[in-house]
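# An overview of the molecular structure
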Amino acid sequence: MSDITVRGGRVLDPANGFDAVADVVVRKGVVVELAKPGGKASGETIDAAGLVVCPGFVDIHAHLREPGFEHKETIATGTQAAARGGFTTVCAMPNTEPATDSAGAVEFILRTAAAKGVVRVLPIGCVTKGRAGHELAELSELADAGVVAFSDDGAPVTDAALMRRALEYAGMLQTPVIDHAEEPALAAGGVMHEGWVSTRLGLRGVPAAAEETAVARDIALAETTGSRVHIAHISTAGSVELVRAAKARGLPVTAEVTPHHLTLTHEAVLTGPSEGGALAYDTNAKVNPPLRTPEDVAACVAGLLDATIDCIATDHAPHATQDKLCEFDAAAMGISGLETALALCLTAIPLEAAVERLTIAPATTLELARHVPGIGSLSKGAPGDVVIIDPEAEWTVEPETFASLGKNTPLAGRTLKGRVVATVYGGKVVYDAR
Ligand code: DOR
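Notes on the structure in this doc start here. Keep in mind the model is a prediction, meaning the values are calculated, not measured. Throughout this description, residue numbers start from 1 for each chain and increase along the sequence as written. Where local features are concerned, this predicted model is filtered to residues with pLDDT of at least 70; where side-chain atom pairs are given and counted, the filter is 80 or more; whole-chain, interface and lining totals use all residues. To get the side-chain values, take all heavy atoms of the structure and skip hydrogens and water.

## Remarks on the overall build of the protein chain
Definition in use: Secondary structure elements follow DSSP: runs of H or I no shorter than four residues count as helices, runs of E no shorter than two count as strands, and numbering proceeds from the N terminus. Three exposure classes are used, based on accessible area relative to the maximum for each residue type with a 1.4 Å probe and protein chains only: buried under 20%, partly exposed in between, and exposed over 50%. What makes two residues a contact is simply this: any of their non-hydrogen atoms within 4.5 Å.
Summing up its helical and strand segments, the protein chain has 13 helices and 18 strands in all. Once the C-alpha set of the protein chain is aligned to its principal axes, its extents read approximately 65 × 55 × 40 Å. The buried share of the protein chain, reckoned over its 434 residues, is 59%. Within the protein chain, contacts between residues separated by at least 24 positions form 75% of all contacts whose residues are at least 6 apart in sequence.

In structure tokens form, the structure reads like this:
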């Protein structure tokens, strides 16, 4: 529990509509005030003159891999990657081994995070036992153990009747269900977006309709049950339109978009490293849902800016080198996203919008203040979670320097603008690049 004053930066706190030069004063790990700059400071000070200071980012969708896949990531390395990316909260998806489908599994994550994590970890529990899609997990046991949402992410809940029941129970538990919206019969065997690039490369594609049919089903079930459905990693113009129409009708539907779906297209599969001008087949651009067309990207950006899409989430999906260093069909899906999220978002949307959609917006989307009062804001009494950023600083993505064990990014060698300078969690500096 530490005292720290972040001095003289431009403080952006979208939750409170605050945008002015100020000192952020944290005592005993908690925000006590946004003070006029130049006042007396107690404890450690960070000079943020010329920089932007905002609430620590909140990621509602990350794969930390522990337990079970510690060669890809651990709670220690994943939270270090989060801190480097400016995130002070990460919600951990349950596709671990064992899957997070019991109170014991939740407790393991919370204990490991307390012992080895450098930022806050909020577990997400499974919808179905073992994420197998056959039988509901013990949702109320999971809620009591502290999960903030239910999801079988990595896989959809394909059985619509089971999804309906899950929504009914989750609604009673006031805990949202996050669906990886994908119709397996349409996606089967697909390894990238179905379009001209997949045709040219001779790869099987996943059509936009694989997502859109599932989003339409989820919206119908939200209407039937009155319970909230949150659509993970939305990626197509058609899905954005479905969510827009559902919201216009007042249905309880929310959605997130990843930094990569806001910025990259299916052409990234072609344009990765290659020898002698050969087509690249860049496995680092293989992700689920796949990178789509420029029109889809534009629709995701527009949807995020008009609040059809509620927030940004990284879908940080670290993999080991050998999982990607193979033929395209065999490669694992996913992008290691925590450490490039801010800079990538800033290539698509203005700073103020990015900060809002990385802080209070995700916190509100999953109603995380029920678990952590004040999260995603610099309100008096909020956790002392602060990120200091230099929106103008240019840097080159060098995956080998990532804190994440997952070096899998299609951005290697790209120069981006917008750097995290320091991250403070509960009043303690957990990342410092000054
Ligand atoms: O690309 C992805 N990777 N999409 C998912 O839904 C799961 C994730 C993973 O766990 O690797």
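That shown, we press on.
## Observations concerning unusual backbone geometry
Look at the link from E66 to P67: it is a cis peptide, with omega at 5 degrees. Position of P67 among the secondary structure elements: in the loop between strand 6 (57-62) and helix 1 (75-84). Across the junction of E97 and P98, the peptide omega takes the value 0 degrees, indicating a cis bond. With respect to the helices and strands, P98 occurs in the loop between strand 7 (87-92) and helix 2 (103-116).

## A closer look at the site of the ligand
In plain terms, the rule: Throughout this document, a residue counts as near a molecule or strand when at least one of its heavy atoms sits within 4 Å of that molecule or strand. Definition of a polar contact: a pair of N or O atoms within 3.5 Å, with one able to donate and the other able to accept a hydrogen when the atoms are protein atoms, and with sequence-neighbouring residues admitted only if both atoms are side-chain atoms. All accessible areas in this document rest on Shrake-Rupley with a 1.4 Å probe, and a residue is counted as covered only by the protein chains that are shown. Each residue is assigned to one class: nonpolar for Ala, Val, Leu, Ile, Met, Phe, Trp, Tyr, Cys and Pro, charged for Asp, Glu, Lys and Arg, and polar for all the others, Gly among them.
In the vicinity of the ligand, 14 residues are found, and the nearest of them are R65, N95, H180, N288 and M333. H63 places a side-chain nitrogen or oxygen 3.5 Å from an oxygen atom of the ligand. In this structure, an oxygen atom belonging to the ligand sits 3.1 Å away from a side-chain N or O atom of H319. Starting from 290 Å² of accessible surface for the ligand in isolation, the protein chains cover 93%. Along the lines of polarity and charge, the residues of the shell around the ligand split into 3 nonpolar, 8 polar and 3 charged.

## Points about the pairing of strand 6
Worth spelling out the cut-off: When the strands point away from the viewer and the connection leading from the first strand across the helix to the second strand turns clockwise, the crossover is called right-handed.
Most of strand 6 is tucked away: 6 of the 6 residues are buried. Following the backbone out of strand 6, through helix 1 and into the adjacent parallel strand 7, one traces a crossover that is right-handed.

## Considerations on the packing of helix 8 (residues 237-248) against helix 9 (residues 294-305)
Note the threshold: Structural elements are reduced to axes, namely lines fitted to C-alpha atoms, with helices fitted over the stretch in contact, and the angle between N-to-C directions of any two is expressed from 0 to 180 degrees. Put simply, angles under 35 degrees are roughly parallel, angles over 145 are roughly antiparallel, angles from 65 to 115 are roughly perpendicular, and the rest are oblique.
Close contact between helix 8 and helix 9 brings their axes to 8 Å; oriented N to C, the two are set at 30 degrees. Taken together, the axis directions place helix 8 and helix 9 in an arrangement best described as roughly parallel. Along its contact with helix 8, which presents A237, V240 and R244, the element helix 9 presents E295, D296, A299, C300, A302 and G303. Its residues placed into classes, the contact of helix 8 with helix 9 shows 5 nonpolar, 1 polar and 3 charged.

## Remarks on the pattern of salt bridges
Heads up, the rule is: The term salt bridge refers to a pairing of a side-chain nitrogen on Lys or Arg with a carboxyl oxygen on Asp or Glu at a separation within 4 Å.
On inspection of all chains with the given rule, the structure shows 20 salt bridges. One salt bridge in this structure joins D23 and R7, with 3.9 Å as the shortest N-O distance. Taken together, the residues D23 in strand 2 (residues 18-27) and R7 in strand 1 (residues 4-13) connect sequence positions 16 residues apart. On the basis of relative accessibility, which here comes to 3%, the residue D23 falls in the buried class. Here R111 ties to E107 by a salt bridge, and the two come within 2.7 Å at their closest N and O atoms. In this pair, R111 and E107 are both assigned in helix 2, 4 residues apart and thus about one turn of the helix distant. According to the relative accessible area criterion, E107 is partly exposed, its value standing at 40%. Here the salt bridges share partners, and the residues they tie into one network are R10, D19 and E352.

## Details of empty space enclosed by the protein
Filter applied, for reference: Whether a set of points on the 1 Å grid over the protein atoms alone is a cavity depends on a 1.4 Å probe fitting there but being unable to get out, while an open set qualifies as a pocket with protein on both sides within 12 Å along at least five of seven lines; lining residues are those with an atom within 4 Å of a point. Grid points are joined across faces, edges and corners, and a volume is the space filled by probe spheres set on the points.
One pass over the full model with this rule turns up 2 cavities of 30 Å³ or more. Of the pockets and cavities examined, the largest cavity occupies roughly 50 Å³. Looking at the largest cavity, the residues that line it are P259, H260, L264, T314, I335, G337, T340, L344, T409, P410 and L411. Here the residues of the lining of the largest cavity sort into 6 nonpolar, 5 polar and no charged. The space that makes up the second largest cavity amounts to roughly 40 Å³. Every residue along the wall of the second largest cavity is listed here: P55, G56, T88, T89, G374, I375, G376, S377, P383 and D385. Grouping the amino acids of the lining of the second largest cavity by side-chain chemistry returns 3 nonpolar, 6 polar and 1 charged.

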